[in-house]
Amino acid sequence: MSDEHDLQELDSALPGFLGVIDTVIGRVESFLLAVGVLLMALNTSANVLGRFAFGNSIFFAEELNRILIILITFAGISYAARHGRHIRMSAIYDAMPPKLRRVLMIAITLITAVLMFGLCYYAINYIGTQASRGRVLPSLQIPVWIILVWVPVGFFMTGMQYLLTAIKNMTSKDIYLSTAVLEGYDSDEETEV
Amino acid sequence: MATIVFLSMIVLLLLGFPMMVPLIVGATIGFFMMFNGFGQMETMVQQMMAGIRPASLIAVPMFIFAADIMTRGQSAGRLINLVMSFVGHVKGGLAVSTAAACTMFGAVSGSTQATVVAIGSPLRPRMLKAGYKDSFVLALIVNSSDIAFLIPPSIGMIIYGVVSNTSIAELFIAGIGPGLLILLLFSIYSYIYAVRNNVPTEEKATWGERLTSLRQAIWPMGFPLIIIGGIYGGIFSPTEAAAACVLYALVLEVLIFRTMSLQNVYDTAKSTGLITAVVFILVGAGAAFSWVISFAQVPQEILSAIGITEMGRIGVLFVISIAFFVGCMFVDPIVVILVLVPVFAPVVQSLGLDPVLVGTIITLQVAIGSATPPFGCDIFTAIAVFKRPYMEVIRGTPPFIFILLSVAVSMIFFPQIALFLRDLVFAK
Amino acid sequence: DTWRYAFEEALTEVQGVYAQKFKEEVEANSDHEIQLFPFGTLGESADIMEQAQAGILQFVNQSPGFTGALIPEAQVFFVPYLLPTDQEHLARFYKQSKAINEDFQDLYANQGLELLKMYPEGEVAMTTKEPVKTCEDLNEVKFRVMTNPLLVESYKAFGATPTPLPWGEVYGGLQTNIIQGQENPTFFLYSTKIYEVTDHITYTGHNNFTTAIMANKNFYDGLSEEDQKVIQDAAAVAYDHIVTYQKGLAEQELAKIKEAKPEMTVTVLSEEERQCFVDAAAEVEAKFIEMTGDSGKAILEQMKADLAATAE
Ligand code: NA
Ligand code: NA
């Protein structure tokens, strides 16, 4: 599963200034992913250490992990969309002729984008509701809505990736899985997932 | 409603949509139809969050991280060399060792997903190199990992015990028999597979070579020590053992073996995060979908339609098996247990069925369901981690599912498979 | 109409028994039907609470211990030795208390909830691996508590190492000795099989578990007076039912535990033995006031007054 070779930071497919922003966002997502995982490891092991060396659990360890898992998941889904890594079952799709595949891919990416934007909208509403009720995390005593901020952002960025992929497929003659990843099989290790 | 939901999900799935889409669309249609519009979609977001909330899920990214460090570095290789020096010359030896390692790791860690990653990622390349076909390897890893449900500690059994008021200690003991039986059958199948496909064996290692491998594996032997000793010794919860493995792996690979730079560690963390996200968004979407099924009381309606109260002992056990099997094909196992166990409770009680037997049968079905298409967490994890297409991950599963189902059916006719050990230990 | 009602326990546990009685009464006295959703079927405690606030669920049962994240004052139910262990006194208190029937009513209303009843679930017992006679016996004991700051404070004050752990990890944690103790009402010790992995049950009298049933306020306010009466009556009948049901329940469940595990020891601490726990309670009470300010203090005072008024 060593896949550093194809997790290289991809330069954006967008032209000009938008491309720069998109590239920067990609870097930020990957940074958050790595730091999220590292912090989670640190937090969890510090908790054990605290309990055994000093007889004290970190009382907020569980809540911190909860915050991190949301961060990782939602920074990760748009990063995964960018790299064409979302899981799909493509057996029937693969058996279709290229023309049909292209139409289908445009439909898939557009519909997925719409869903993501929809979820983004409802996630914002959900955060609003949480904020108005004033629910807090029991241990950290910070408002719950703050830890959810990544949710709509993640949905939105994922939606953008799928929308851009749809545009890319409409305007080029190859079929793209994501803005920068061609569908199909590179070498022996498929990136179809 | 259920029909429309399931049909649209299957169609989207087959057309090649990203797997989260069928789940999200299924849940959305449910919300739209139940609440006459999109007025309650916030609850769908809530349930997606709820799906990724359980603290035990943290073990998954942690074991992915630890396994990735070990595999990129030397720890995993050295441990496997040690195993190979003892079993490399035996037909099917590597496959049997893989199955046994999955069972043991899964039993201890309590997480089938973590097992797929932690055992699968170092051993899969070695099995491919040894000449096993990938579809066999993937199916072996996914299905052996699911034996973990049956061997204590098992979260599925704890939840069943609480919902059905059954002794968890007895359930734990009862799971061991069928768990080991399945491992045995998987091992026999692996041996037959190796013989029929003429998988080459290595030359038998000399005791000198074995000693060398042992010496090289001294440091990496800390991993099984942390996991097995740490968890059964009461030092770590499974989640904490996972984090301890990460730390230990970092110490070994960065400081002692010096195979990894800090940049490598950063990149590994990044790819761990990516895999975690790809799997967890499905866990979240699956939770939202489960909520719809539960809220609409779909299982209750289906079961009341088939008239379970008029069936005998065998009939009821078959209906229970099928219900949990089908349920877990689509919905998160924990939710299936929570929703279905109370539904069956009256008929189980009126027939005087042993709740420990029923619990063991249910746990086995839950295990089968997690490895069965279309929706299964362990399938998703294997796809994300090994980067193989969906069809390839499930292509090799039929023989394994056949074995699992045979054990399930045998347990209905011969309850002693599960109850023998229980009766022995609890002197019943 | 079909009304939906979710709660935090299984159908056969105390909240489930209350819910079934409530359902029976509503269905007998009106044309409405009630669907029950036990523990976990629609999510965790916080989830069903939000769903009730959103109006998807008409009724929800949530213990104030969990409501503390939403209504800080609700944590008052974790101040040790505030509530008596005398079940009859408690029964009168919940029925007549101004703090509960007026003050908390308003606090819940602010969150869009109509508080129907608060009711007891029984005295909280500690179960541990080693016997507990004094606070000193809790020294070095990793004691599992719900993720609730006041409960963490309590066990710190008792001398233990409070370890917040999700419920799903408690059984395994006790089995593997990651934690060595936890607290819950007696019936819960039996139904969740916690007795299998601990050896000593100790009653220190420090708390009595309280829970609450409420309705979505918009839903409730929109009902006809007749329907509102059906609901209030059903809540009252279920209240009397649950109080009767719980008479001797703890003894019964304890007998079941003893039958399943004869070597289990059961200890009720004497006045003298529980003195150090009582002393520690003052610290926790101060912490509660620090966390909730004047409004928390007012509720606490009111509850004390109500308790005095309902004592025989
Ligand atoms: Na297990
Ligand atoms: Na499945």
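- An unreviewed UniProt entry lists chain B under the name TRAP transporter large permease protein, from Maritalea mobilis.
- In the Subcellular location (unreviewed entry) part of its UniProt record, chain B is described as follows: "Cell inner membrane".

- In the annotation of an unreviewed UniProt entry, the entry for chain A reads TRAP transporter small permease protein, and the organism field reads Maritalea mobilis.
- According to the UniProt record, the Function (unreviewed entry) comment for chain A reads "Part of the tripartite ATP-independent periplasmic (TRAP) transport system."

**Focus: the overall build of chain A**
Alright, step 1. From N to C terminus, chain A includes 6 helices and 0 strands.
Alright, step 2. Counting helices and strands in the order they occur from the N terminus, chain A gives α-α-α-α-α-α.
Alright, step 3. Looking at chain A residue by residue over its 193 residues, the buried ones come to 54%.
Alright, step 4. Relative to all contacts within chain A whose residues are 6 or more apart in sequence, the contacts with residues 24 or more apart total 67%.
Alright, step 5. About 8,200 Å² of surface is accessible on chain A, with carbon and sulfur atoms providing 71% of the total.

**Focus: the pattern of salt bridges**
Alright, step 1. Applying the stated criterion to the full structure yields 24 salt bridges over all chains.
Alright, step 2. As a salt-bridge pair, Asp22(A) and Arg82(A) come within 3.3 Å of each other at their nearest N and O atoms. Of this pair, Asp22(A) sits in helix H1 (residues 16-54) while Arg82(A) sits in helix H2 (residues 61-82); the two residues are 60 residues apart in sequence, bridging distant segments of the chain. The two residues Asp22(A) and Arg82(A) agree in class, both being buried.
Alright, step 3. Linking Arg422(B) and Glu170(B) is a salt bridge whose minimum nitrogen-to-oxygen distance equals 2.9 Å. With Arg422(B) in helix H22 (residues 416-425) and Glu170(B) in helix H10 (residues 168-196), this residue pair connects regions lying 252 residues apart in the sequence.

**Here's the deal with the nonpolar core**
Alright, step 1. One finds Phe155(A), Phe344(B), Phe22(C), Phe59(C) and Phe104(C) to be the most contacted residues of the largest nonpolar core, which totals 316 residues.
Alright, step 2. With 17 residues, helix H14 (residues 262-295) of chain B is the single largest residue contributor to this core.

**Remarks on the pairing of strand E4 (residues 113-128) of chain C**
Residues and elements named next belong to chain C.
Alright, step 1. In terms of residue burial, E4 counts as a mostly covered element, since 16 of its 16 residues are buried.
Alright, step 2. By the bridge criterion, 5 bridges tie E4 to strand E7 (residues 181-185) in an arrangement that is antiparallel. Among the inter-strand pairings, alanine 125 is bridged to a residue of E7, identified as asparagine 184.
Alright, step 3. Inspection of the sheet shows E4 paired to strand E8 (residues 200-203) by 3 bridges, in the antiparallel sense. Pairing of threonine 127 across the sheet is with isoleucine 201, part of E8.

**Section: the packing of helix H2 (residues 20-34) of chain B against H14(B)**
All names here are of chain B.
Alright, step 1. Between H2 and H14, the least distance of the axes is 9 Å, while the angle of their chain directions is 30°. Between H2 and H14, the interaxial angle falls into the category roughly parallel. Considering how the two elements wind past one another, H2 and H14 form a crossing that is left-handed. Across the interface between the two elements, Met20, Leu23, Ile24, Gly26, Ala27, Gly30, Phe31 and Met34 from H2 touch Ile281, Leu282, Ala285, Gly286, Ala288, Phe289, Trp291, Val292 and Phe295 from H14.
Alright, step 2. Its residues assigned to classes, the contact of H2 with H14 comprises 14 nonpolar, 3 polar and no charged.

**As for the interface of chain A and chain C**
Alright, step 1. Taken together, the 17 residues of chain A in the interface contact 18 residues of chain C.
Alright, step 2. On the chain A side of the contact with chain C, Arg51(A), Arg133(A) and Arg135(A) bury the most area, a combined 45% of that side's loss.
Alright, step 3. Inspection of the chain A/chain C interface yields 1 salt bridge.
Alright, step 4. A salt bridge links Glu50(C) to Arg135(A), with the shortest nitrogen-to-oxygen separation between them at 3.5 Å.

**Some words on the interface of chain B and chain A**
Alright, step 1. With 66 residues of chain B in contact, the opposing surface of chain A contributes 65 residues.
Alright, step 2. Interface area for chain B against chain A, summed over the two sides, is near 6,000 Å², with a carbon-plus-sulfur share of 75%.
Alright, step 3. When the buried surface of chain B facing chain A is broken down by residue, Lys270(B), Leu274(B) and Lys387(B) rank first, second and third, together holding 13% of it.
Alright, step 4. Inspection of the chain B/chain A interface yields 4 residue pairs in polar contact (both at pLDDT 80 or more).

**Considerations on the UniProt feature "transmembrane region" (unreviewed entry) in chain A**
Residue and element names in this part refer to chain A.
Alright, step 1. Sequence positions flagged by UniProt for "transmembrane region" (unreviewed entry) are, in local numbering, residues 31-52, 64-82, 103-124 and 144-164.
Alright, step 2. In residues 64-82, helix accounts for 100% and strand for 0%; the two terminal C-alpha atoms are 27 Å from one another.
Alright, step 3. As a span, residues 144-164 carries 90% helix and 0% strand, and end to end its C-alpha atoms are 32 Å apart.

**Focus on the state of the cysteines**
All names here are of chain C.
Alright, step 1. The tally for this structure, following the rule as stated, stands at 1 disulfide over all chains.
Alright, step 2. Between cysteine 135 and cysteine 276 runs a disulfide, and the two sulfur atoms are separated by 2.1 Å. The chirality of the disulfide connecting cysteine 135 with cysteine 276 is right-handed, given an S-S dihedral of about 105°. On the criterion of sequence distance, the pair formed by cysteine 135 in the loop between E4 and strand E5 (142-145) and cysteine 276 in helix H12 (residues 275-310) is long-range, its members being 141 residues apart.
Alright, step 3. On the basis of relative accessibility, which here comes to 13%, the residue cysteine 135 falls in the buried class.

**Considerations on unusual backbone geometry**
Alright, step 1. Its identity is not glycine, yet Gln141(A) carries a phi of approximately 60°, on the positive side.
Alright, step 2. Counting through the fold element by element, Gln141(A) comes out in the loop between helix H4 (98-133) and helix H5 (144-147).
Alright, step 3. Gln141(A) sits in the partly exposed class, given a relative accessible area of 41%.
Alright, step 4. If you check the backbone angles, Asn198(B) has positive phi at about 50° while not being a glycine.
Alright, step 5. Along the chain, Asn198(B) turns up in the loop between H10 and helix H11 (207-216).
Alright, step 6. Residue classification places Asn198(B) among the exposed residues on the basis of a relative accessible area of 56%.

**Notes on helix H1 (residues 2-15) of chain B**
All names here are of chain B.
Alright, step 1. With 14 residues, H1 extends 20 Å from end C-alpha to end C-alpha; this agrees with the ideal 20 Å at 1.5 Å per step.
Alright, step 2. Burial in H1 covers these residues: Val5, Ser8, Met9, Leu12 and Leu13. Seen from one end, H1 has its buried residues packed into an arc of 135°, which puts them on one side. Away from its buried face, by an angle of more than 90 degrees, H1 presents the exposed residues Thr3 and Leu7.
Alright, step 3. Buried residues along H1 sit in contact with H2 and H14.
Alright, step 4. Two residues or fewer past H1, glycine 16 is found with a positive phi of approximately 95°.

**Observations concerning the environment of Phe156(A)**
Residues and elements named next belong to chain A.
Alright, step 1. By secondary structure assignment, the location of phenylalanine 156 is in helix H6 (residues 150-171).
Alright, step 2. Considered as a pair, phenylalanine 156 and tyrosine 121 are 35 residues apart in the sequence and their alpha carbons are 8.7 Å apart.
Alright, step 3. Setting aside chain neighbours within four positions, we find phenylalanine 156 in contact with Phe117 and Cys120.

**Some points on the confidence of the model for chain B**
Alright, step 1. Considering every residue of chain B, the mean pLDDT works out to 88; 100% of them sit at 70 or more.
Alright, step 2. Reported confidences for the modelled complex are a pTM of 0.89 and an ipTM of 0.91.

Scoring rules and cut-offs
- Residues numbered from 1 in each chain as written.
- Chains lettered and ligands numbered in written order.
- Predicted model: local features only at pLDDT ≥ 70, side-chain atom pairs only at ≥ 80, totals over all residues.
- Heavy atoms only, no water.
- UniProt positions renumbered as here; feature names shortened; annotations may be inferred.
- Helix = DSSP H or I, 4+ residues; strand = E, 2+ residues; numbered from the N terminus.
- Buried < 20%, exposed > 50% of the residue type's maximum accessible area, 1.4 Å probe, protein only.
- Contact = heavy atoms within 4.5 Å.
- Areas by Shrake-Rupley, 256 points an atom, 1.4 Å probe, with all protein chains shown as cover.
- Salt bridge = Lys/Arg side-chain N within 4 Å of Asp/Glu carboxyl O.
- Core = buried A, V, L, I, M, F, W, Y, C linked by side-chain atoms within 4.5 Å.
- Pairing = 2+ DSSP bridges.
- Axes fitted to C-alpha atoms, helices over the stretch in contact; angles between N-to-C directions.
- Parallel < 35°, antiparallel > 145°, perpendicular 65-115°, else oblique.
- Left-handed = near helix turned anticlockwise from the far one by under 90°.
- Nonpolar A, V, L, I, M, F, W, Y, C, P; charged D, E, K, R; others polar.
- Buried area = accessible area lost by both parts, 1.4 Å probe.
- Polar contact = N/O pair within 3.5 Å; in protein donor to acceptor, adjacent residues only side chain to side chain.
- Disulfide = S-S within 2.5 Å.
- Expected span 1.5 Å × (residues − 1).
- Arc of directions from axis to C-beta.
- pLDDT = per-residue confidence, 0-100.

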